Amino acid sequence: MVDPEKIPYRKGTLAYNLMVDDWSDLTAAQIAEVLDVPYTSILSVTSKIRRETGYIVPYVRLQTNGKPLVQNETQRKDEIYE
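Here the residue numbering is sequential within each chain, running from 1 through the sequence in written order. A pLDDT threshold of at least 70 governs which residues receive local features in this predicted model, and a stricter bar of 80 or more applies before side-chain atom pairs are shown or counted, although totals over entire chains, interfaces and linings include all residues. As a rule here, side-chain values come from all non-hydrogen atoms in the structure, and water together with hydrogens is ignored.

Draft legend 1. Structural detail: the nonpolar core. Definition used in this section: a nonpolar core is a set of buried Ala, Val, Leu, Ile, Met, Phe, Trp, Tyr and Cys residues joined via side-chain atoms within 4.5 Å. Throughout this description, buried means an accessible area under 20% of the type-specific maximum (1.4 Å probe, protein chains only), exposed means over 50%, and partly exposed covers the range between. One finds Ile-7, Tyr-9, Leu-18, Met-19, Ile-42, Ile-49 and Val-57 to be the most contacted residues of the largest nonpolar core, which totals 19 residues. When contributions to this core are tallied by element, the ones reaching two or more residues are α1 (14-20), α2 (28-35) and α3 (39-53). Secondary structure is summarised from DSSP: a helix means a run of H or I of at least four residues, a strand means a run of E of at least two, and numbering begins at the N terminus for each. With six residues, α1 is the largest single contributor of residues to this core. Residue contacts are defined here by distance: any two heavy atoms, one from each residue, within 4.5 Å place the two residues in contact. Excluding anything up to four places from it in sequence, Ile-7 contacts Val-2, Tyr-16, Met-19 and Val-20.

Set out below in structure tokens:
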């Protein structure tokens, strides 16, 4: 979440909504459902935000098998050897 006064996008836009709220417990598809926009819009706008501002919108990223993507390098190593 970013302070609303520091967000460079107009209030009410998809980019603004993605930056102002906490989406860390939802997937991109769930965010799209909540905001009533296409899934691909979430992906493109999160990429645009990262490219233009450097801010990474926190949301649950999934692997192709549907499992959450592991962010921590040590966790990845542990899973490989289990």
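Draft legend 2. Main features of the environment of Ser-24. The residue Ser-24 is located in the loop between α1 and α2 in this model. Ser-24 gets classed as partly exposed once you look at its relative accessible area, which sits at 39%. Linking Ser-24 and Tyr-59, residues 35 residues apart in sequence, is a C-alpha distance of 4.2 Å. With residues near it in sequence (within four places) discarded, Ser-24 still touches Pro-58, Tyr-59 and Val-60. Looking at Ser-24, its side chain comes within polar contact range of the side chain of Asp-22, at 2.9 Å. Here a polar contact is recorded for every N or O atom pair within 3.5 Å, except that within protein the pair must consist of a potential hydrogen donor and a potential acceptor, and residues adjacent in sequence are included only if both atoms are side-chain atoms.

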